[in-house]
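# Observations on the model geometry
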Amino acid sequence: MGSLDLRFSIWVIFLCCFSLSRDVVEASHEVFLNLQSFQPITVSQNHRTGFHFQPPKNWINDPNGPMYYNGIYHLFYQYNPKGAVWGNIEWAHSVSTDLINWSPVEPAIYPSEKFDINGCWSGSATILPGNKPVILYTGVDQSNRQVQNAAIPKNLADPYLKEWIKPSYNPVILPDKDINASSFRDPTTAWQGPDGQWRVVIGSKTGKEGTAILYKSKDFIHWEKAQHYLHSSKETGMWECPDIYPVSGGGRRDGLDTLVVGKGVKHVFKVSLDDTKLDYYTIGQYQHDTDQYVPDRESVDNKAGLRYDHGKFYASKTFYDAGKKRRVLWGWMNESDTVPNDIAKGWAGLQSIPRMVWLDKNERQLVQWPVDEVESLRDRKVKLFNKVLVKGEPLQIKGLTAEQADVDVEFEIESLEKAEAFDPSWTDPQILCSHKGVEVEGVIGPFGLKVLASKGLEEYTAIFFRVFKAKQDHVVLMCSDQSRSSKELDIDKTTYGGFVDVNMVDRRISLRSLIDHSVVESFGGGGRTCITTRVYPTMDVEDQANLYVFNKGSETVKISKLKAWSMKKAEIA
Ligand SMILES: *[C@@H]1O[C@H](CO)[C@@H](O)[C@H](O)[C@H]1NC(C)=O
Ligand SMILES: *[C@@H]1O[C@H](CO)[C@@H](O)[C@H](O)[C@H]1NC(C)=O
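Rules used in this analysis
- Residue numbers run consecutively from 1 along every chain, following the written order of its sequence.
- Working convention: letters from A go to chains and numbers from 1 go to ligands, in the order in which they are written.
- Given that the model is predicted, a residue must reach a pLDDT of at least 70 before its local features are reported, and side-chain atom pairs must reach 80 or more before they are shown or counted; all residues, however, enter totals for whole chains, interfaces and linings.
- Hydrogens and waters are ignored; side-chain quantities use all the structure's heavy atoms.
- UniProt positions are given in the numbering used here, feature names are shortened, and annotations may be inferred rather than shown by experiment.
- The patches described consist of residues with a relative accessible area above 30% and no salt bridge, like charges being joined within 9 Å and nonpolar side chains (Val, Leu, Ile, Met, Phe, Trp, Tyr) within 5 Å.
- Where accessible areas are quoted, they stem from the Shrake-Rupley method and a 1.4 Å probe; at the residue level, only the protein chains shown are allowed to cover.
- Salt bridges are defined by distance alone: a side-chain nitrogen of Lys or Arg within 4 Å of a carboxyl oxygen of Asp or Glu.
- Charged residues are defined here as Lys and Arg on the positive side and Asp and Glu on the negative side; His and the ends of the chain fall outside this count.
- We put the charge of a Lys on NZ, of an Arg on CZ, of an Asp on CG and of a Glu on CD.
- A run of H or I in DSSP becomes a helix once it reaches four residues, and a run of E becomes a strand once it reaches two; helices and strands are each numbered from the N terminus.
- Each residue gets one of three labels from its accessible area relative to the maximum for its type: buried under 20%, exposed over 50%, partly exposed in between, using a 1.4 Å probe on protein chains only.
- The rule for a residue being near a molecule or strand is that one of its heavy atoms must lie within 4 Å of it.
- Think of a polar contact as two N or O atoms within 3.5 Å of one another; within protein, one of them needs to be a possible hydrogen donor and the other a possible acceptor, and neighboring residues in sequence only count if both atoms come from side chains.

Looking at an unreviewed UniProt entry, the protein chain carries the name Beta-fructofuranosidase, insoluble isoenzyme 1-like protein, with the source organism given as Cinnamomum micranthum f. kanehirae. UniProt, in the comment section headed Sequence similarities (unreviewed entry), describes the protein chain in these words: "Belongs to the glycosyl hydrolase 32 family."

Next comes the structure, spelled out in structure tokens:
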């Protein structure tokens, strides 16, 4: 059976038998009860990634408990062993020495006890003194309450920490009468205060107020709820996957271990907003004496705030990599596809390329960049310098595998004089990008990349910039336009956008895109604005895919330098 026939049959099966079982009750995921254990008939290789983390089949979501321990990186993640939709969730486990090539080991945590029999949901790892890792995760217990449990490695001498045990003192944290037992999950990595006590934060909500509930413990077994929240914010809804960590000041890239407090050190607090499915963070200060986190005045605590990524990036989590003294961020990138298509493919969900994160020099936002190790996959290289882009004539970049590539380009704008005026009412960059899509000509921009393109540009995904003139300085907009990414009609092609907080005095702006079959992860302005998109081209796919650089603005734009590499396949099983 051809893949189109297969897709069609799956649609029919879906429409006839399963559509009524769609249910939105549980947790934060749409639940398709009858599809949860629907094993893929075949696994489609089309659109599968070459270097983004993806298991051989089935559904994945949140990255869990990432850690570096005795020279090995561990990635756990939410996994459905039985199907390509959310369900039957367990902690799958892979190990690596370089964050790029991964070997699977057996699942670490799966439902087995009263306190997690209905689900083993997200959580984090903490390395206790004596070099002893412990995981705290959310279990859904026999009465469907969300409770917090501990798991520890069975054998610390096993370099891969393959087996995890759940001590009999579980659960370690139960929701009390003031906590909604259906909205109480995703413990953070724990940290120790100056009093020696451990602290951990659990995501929750009270009515519509998102809350980060703080617990303390002397022994990591008995936990007590603190008098007040670590942090909360009205009208934001359920806070999933909270994350709090320190960052060095002064633009220094060196990472810091969990909850260092000191001169020049700032803190980041991130939540995944269940209502909008977006990750937001603020920059601020965690105060040891009050045990509270206070965002900086200019750092907004709701959906107008800072985002790791303006595209597909959710339930993210960082860890401190003691090996390379850096902080590394992972995020889950879901499909843009329909559920029947996911079932026909036999898989759904990816993890991002791990990103190093640090505080920008301006201390207003974070900067993100793919970990250096990804460069070990770079293969054939193409270089280009000082090339003027003629308006409306896309320049094809040849000589590399355009479906699996790393492209790093710097644009130089001849003059900013004629930049269009920025209307101060344009507060939402995503809406602005949808109004000013890739086909809308401008003065400075749109210019950027057309990736995963068919030869005649019937299909492509465009990542581009526009520059406007505001009262004081210039405003840079970065967009990712998926509207022509695929001839398929029923997939989500929402346009994404973000502003790039860069100074345009040198009239230069950079864009790096990691292109990988059905994912494009882009870093604008040296990693100040990131957009990830998931697309499914149908025409010139695999080794027929094309890459273009373009300018559709009336002002001259030049490629000051471009370096692009074919990427080798990572070993991910
Ligand atoms: C508790 O959380 C669940 C899940 O979000 C929600 O449906 C329910 O209304 C909440 N209960 C109360 C009392 O707020
Ligand atoms: C996943 O993708 C769909 C469609 O592209 C989107 O509507 C949904 O909210 C996404 N995110 C999560 C976290 O489920």
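### What about a positive patch on the surface?
Taken together, the side chains of Lys381, Lys383, Lys561 and Lys563 define a basic patch exposed on the protein surface. For the positive patch, the secondary-structure elements that each account for two or more residues are β28 (378-389) and β40 (557-567). Note that Lys561 resides in strand β40. Judged by relative accessible area, which is 39%, Lys561 ranks as partly exposed.

### Points about the site of ligand 1
In the neighbourhood of ligand 1, the contacting residues comprise Asn180, Ser182, Ser183 and Lys205. Between ligand 1 and Asn180 there is a distance of 2.3 Å, counted from an oxygen atom to a side-chain nitrogen or oxygen. Ser183 places a polar side-chain atom, nitrogen or oxygen, 2.9 Å from an oxygen atom of ligand 1. Relative to its unbound accessible surface of 360 Å², ligand 1 loses 35% to contact with the protein.

### Things to note about the environment of Ser434
Counting through the fold element by element, Ser434 comes out in helix α3 (residues 429-435). Sequence spacing of Ser434 and Tyr496 is 62 residues, and the spatial spacing of their C-alpha atoms is 7.5 Å. There is a polar contact of 2.7 Å between the side chain of Ser434 and the backbone oxygen of Gln430.

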